[in-house]
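Per-entry structural report
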Amino acid sequence: MTLRRLPENLVNRIAAGEVVERPASAVKELVENAIDAGASHIDILVRDGGRTQITVTDDGKGMSRDELPLAIERHATSKLPDDDLQNIASLGFRGEALASIGAVSRLQLTSRRPVDEEAWMLSVEGGVIGTPCPVAHPVGTRIDVRDLFYATPARLKFLKTPRAELGHVSEAVKRLAMAHPDIGFTLNNGERDMLRLAPSQGDLLGSRLERLGAIMGRDFADNALSIDAEREGVFLSGHAGLPTLNRGNAQMQFLFVNGRPVRDKLFYGALRGAYRDFLAGDRYPMVALFLDVPSDALDVNVHPAKTEVRFRDAALVRGLIVGAVKHALAEAGHRASTTVGHGALAAVQSGSLPMGGGGGGYTGGSSFPAGLAERAASFFAPGSGLEAPLAAPDAFNVGVAVDEGEDLSDYPLGVARAQLHETYIVAQTVDGIVIVDQHAAHERLVHERIKKSLEQGGVSRQGLLIPEVVEMDETAVDRLNGRADELFELGLTIEAFGPGALVVREVPALLGDCDIQGLLRDLADDLAEHDEALALKDRLGDVAAKMACHGSVRAGRRLNATEMNALLREMEATPHSGQCSHGRPTYVELKLADIEKLFGRR
Ligand code: ADP
Ligand code: MG
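Right, let's walk through the structure included here.

Conventions we followed
- Residues numbered from 1 in each chain as written.
- Chains lettered and ligands numbered in written order.
- Predicted model: local features only at pLDDT ≥ 70, side-chain atom pairs only at ≥ 80, totals over all residues.
- Heavy atoms only, no water.
- Helix = DSSP H or I, 4+ residues; strand = E, 2+ residues; numbered from the N terminus.
- Buried < 20%, exposed > 50% of the residue type's maximum accessible area, 1.4 Å probe, protein only.
- Contact = heavy atoms within 4.5 Å.
- Areas by Shrake-Rupley, 256 points an atom, 1.4 Å probe, with all protein chains shown as cover.
- Pairing = 2+ DSSP bridges.
- Axes fitted to C-alpha atoms, helices over the stretch in contact; angles between N-to-C directions.
- Patch = residues over 30% accessible without salt bridge, like charges linked within 9 Å, V, L, I, M, F, W, Y side chains within 5 Å.
- Salt bridge = Lys/Arg side-chain N within 4 Å of Asp/Glu carboxyl O.
- Lys, Arg positive; Asp, Glu negative; His and termini not counted.
- Charge placed at Lys NZ, Arg CZ, Asp CG, Glu CD.
- Core = buried A, V, L, I, M, F, W, Y, C linked by side-chain atoms within 4.5 Å.
- Domains from an automatic or database assignment.
- Near = heavy atom within 4 Å.
- Polar contact = N/O pair within 3.5 Å; in protein donor to acceptor, adjacent residues only side chain to side chain.
- 1 Å grid on protein atoms, 1.4 Å probe; cavity = no way out; pocket = protein on both sides within 12 Å on 5 of 7 lines; lining within 4 Å.
- Sits in = over half its atoms within 2 Å of the grid points.
- Nonpolar A, V, L, I, M, F, W, Y, C, P; charged D, E, K, R; others polar.
- Phe/Tyr/Trp six-rings, centres within 6.5 Å; stacked < 30°, edge-to-face > 60°.
- Lys NZ or Arg CZ within 6 Å of the ring centre and 35° of its normal.

1. So, the overall build of the chain
In terms of regular secondary structure, the chain is built from 19 helices and 26 strands. Residue burial in the chain is summarised as follows: out of 602 residues, 48% are buried. Restricting to contacts in the chain with at least 6 residues of sequence separation, those with at least 24 account for 69%. A total accessible area of about 29000 Å² is found for the chain, and carbon and sulfur atoms account for 52% of it.

Structure, rendered in structure tokens:
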């Protein structure tokens, strides 16, 4: 065995394993280079998921004839002029991407600077470098990668289907495009443009939101709250979606640090914290946040792929994100996303709700949407609160006088006109109808009241005239008893009462008359189900929901006009009241314009 230095070629191939994991990583590196070159348009062409061809063309500052061979040399970079790893202003800095890609593919660089008469082209094949020759090409750079990984068959085997690889490419391009709204992007798969993003002019915030909307969807642009905060020189901006605009996974959660897309556990954890009270554990908000961190408080040189960063003060960054997002959510007040109303209308129009007339499209028995019968059956099932026939006189509660002089514009959630099925409050607004789920709304209000009282020093308790004894199994008693201190803080005073029972002496005053037996059983189940380590206060959403559930305004309780309007006014004044603790809306708003569409009037 002889100890020897590996040939350059092999070193590059080894490095390529880390820098270029798959076609999407090559695309990412090439697009980053184009951004660093000051391009205003970047065109990306990808064939067979990037396996046979990746071409990235930009209109940036280009390279000279003599720079071309350097560009593909390992550790050759134009981006660390002062040898200063502390102050990195560009996306690249390691000088390895082109060398790595060149080592595992057939690479061709074509480039022309604005000062040059002609462009120069250089080819590299499996690490073997040719000599530059003159060609015709506009100002800018075109990098052409053919047969990626042909030189490393092992890596080739690990590639997924072209379709899956294309998905990764598209993700990578979108992430970079979100951080650079002033640059135009196209992504073509050899057949069509999958992505076409015009450069956005105007102020940063406006153009950023426009770009985010183009990528994350119109709904996001319409239902995102602006974030703008600062702590000790770290700036946070961007947009956070209303809780009712949520997804089943974290794919629509984006973090950018100094313009660089980053995937960071700290960020996902911070978002969970910020939305904990408003979303069920398996729902994820849509968020795009941009951190600007002084370069001495950040290390971007963690991994060759540069998608990880390290913060000097992670707690500060986490606190900044949680604080700013919570603040924005509180400011949003009772707002629920417009998608709620649109979703309801779409459901009616597509005929997925049992409703007669225009939009249904029920042309014959066979065209019934699958599962409709089941859905209709469950809709009217006993216990759904809807079992009463629609026209039964006690199914609704009219009797709300319409006062001609009343000014609806004072009330965003409108004036209550009726209660239906002792469950839904129907209110009239200036330009539409609001339907409130009284139970969900009340649950939220109780939650917010408990939270507020906790902040102000304690939830007021109401002593029971006759303490109530609740019998349950021993483990449940132990579980509740073990949390007695925490429950006391939340307004519930309990004591052990023999091995199989608890006695309840006080309940939170704001619950009114409540079903104590049901409440304790639910709380015990909840404790059994959840992480022991998490304080009840941190799961206030669930706990308050359980309490509210057994409090006074349940579904099935008849409300008079004053009570209904009081509920609407309180919702308007209460932060977060647009959604329940699980991210479901507490009300649906239908605009008259949309209702007219339903009837084909528009
Ligand atoms: P890094 O980006 O870390 O410097 P790369 O291997 O990605 O390393 O690129 C090496 C060098 O090639 C860059 O520093 C830059 O000078 C030059 N370069 C690469 N791509 C482009 C481009 N699209 N336009 C202009 N110069 C480029
Ligand atoms: Mg680079």
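2. Side note on the sheet that holds strand 25 (residues 501-508)
A sheet is described by the order of its strands in space; here three strands give the open sequence 23-25-24, paired in antiparallel fashion. Edge positions in the open sheet fall to strand 23 (461-471) and strand 24 (493-496), since each of these has one partner strand only. On average, adjacent strands in this sheet sit at an angle of 15° to one another, irrespective of strand direction. Direction of pairing for strand 24 relative to strand 25: antiparallel, over a ladder of four bridges.

3. Side note on a positive patch on the surface
Taken together, the side chains of R272, R276, R318 and K326 make up a positively charged region of the molecular surface. Note that R318 resides in helix 10 (residues 314-331). The class of R318 is partly exposed, set by a relative accessible area of 37%.

4. Focus on the nonpolar core
By size, the foremost hydrophobic cluster in this structure holds 59 residues, and its most contacted members are V31, I42, I44, I54, L109, F185 and M216. Taken together, domain 1 (8-193) and domain 2 (204-331) each give at least three residues to this core, which thus spans both. For V31, the contacting residues outside a window of four places in its chain are I42, I44, V56, L176 and F185. Core analysis: the second largest hydrophobic core is formed by 39 residues, L255, L266, F267 and V300 among them.

5. Here we look at the sheet that holds strand 11 (residues 234-241)
Read from one edge to the other, the open sheet built from five strands follows the order 10-11-16-13-14, with strand pairing classed as mixed. The open sheet has two free edges, formed respectively by strand 10 (224-231) and strand 14 (260-262), since each of these has just one partner strand. Adjacent strand axes in the sheet meet at a mean angle of 20°, parallel and antiparallel pairs treated alike. Inspection of the sheet shows strand 13 (residues 253-257) paired to strand 16 (residues 287-292) by five bridges, in the parallel sense. In the sheet register, L255 faces strand 16, and the bridge partner there is L289. Helix 10 contacts strand 10, strand 11 and strand 16 of the sheet and is inclined by roughly 140° relative to strand 10.

6. Focus: unusual backbone geometry
The backbone of N258 shows a phi angle near 50°, a positive value even though the residue is not glycine. Take N258: it is sitting in the loop between strand 13 and strand 14. Overall, N258 belongs to the partly exposed group, its relative accessible area being 32%. Positive phi outside glycine occurs at H576, with the angle close to 65°. Looking at the element boundaries, H576 is found in the loop between helix 18 (561-573) and strand 26 (587-591). H576 gets classed as buried once you look at its relative accessible area, which sits at 5%.

7. Quick word on the pattern of salt bridges
Applying the stated criterion across every chain yields a total of 23 salt bridges. Here E570 ties to R449 by a salt bridge, and the two come within 2.9 Å at their closest N and O atoms. Here E570, found in helix 18, pairs with R449, found in helix 13 (residues 438-455); they are 121 residues apart in sequence, far enough to count as distant. A residue is classified by how much of its surface remains accessible, and R449, at 28% relative accessible area, is partly exposed.

8. Here's the deal with the site of ligand 1
Inspection of the region around ligand 1 gives 19 residues, with N33, T77, S78, K79 and G95 positioned closest. A distance of 2.5 Å separates an oxygen atom of ligand 1 from a polar atom in the side chain of T77. Here an oxygen atom of ligand 1 and a backbone polar atom of G95 are 2.7 Å apart. Surface burial for ligand 1 is 94%, taken as the share of its 530 Å² of free accessible area covered by protein chains. Taking a 2 Å distance to the grid points as the criterion, the majority of the atoms of ligand 1 fall inside the second largest pocket. Those elements giving two or more residues to the shell around ligand 1 turn out to be helix 2 (23-36) and helix 4 (97-103). By residue class, the composition of the shell around ligand 1 is eight nonpolar, seven polar and four charged.

9. Describing the pairing of strand 7 (residues 140-146)
Counted residue by residue, strand 7 has five buried out of seven residues, so it is predominantly covered. The sheet contact formed by strand 2 (residues 53-58) and strand 7 spans six bridges and is antiparallel. Each residue of the ladder has a partner; that of I54, found in strand 7, is V145. Relative to strand 7, strand 3 (residues 106-112) is paired through seven bridges, and the arrangement is antiparallel.

10. Thoughts on the environment of P261
Checked against the element boundaries, P261 lands in strand 14. Of the residues examined, P261 reaches a relative accessible area of 12% and is grouped as buried. It is 9.8 Å that separates the C-alpha atoms of P261 and L91, two residues lying 170 residues apart in sequence. Once residues within four sequence positions are removed from consideration, P261 is found in contact with R175, L176, L255, F256 and T307.

11. Examining the side chain of T110
With respect to the helices and strands, T110 occurs in strand 3. When neighbours within four sequence positions are excluded, T110 is seen to be in contact with A119, W120, M121, V135, H137, G140, T141 and R142.

12. With respect to the packing of aromatic side chains
Per the stated rule, a full pass over the model turns up two aromatic pairs. With 4.7 Å between their ring centres and 10° between their planes, F256 and F290 make a pair best called stacked. Remark: F290 occurs in strand 16 and F256 occurs in strand 13; sequence separation between them is 34 residues. Each of the two residues, F256 as well as F290, counts as buried. Relative to Y268, the ring of F267 lies with its centre 5.4 Å away and its plane at 55°, an arrangement referred to as tilted. Classification of F267 by relative accessible area gives buried; the value is 0%. Seen from the ring of W120, R65 lies directly overhead, with NZ or CZ sitting 5.1 Å from the centre. One residue, R106, lies across the ring of Y150, its end atom 4.0 Å from the ring centre.

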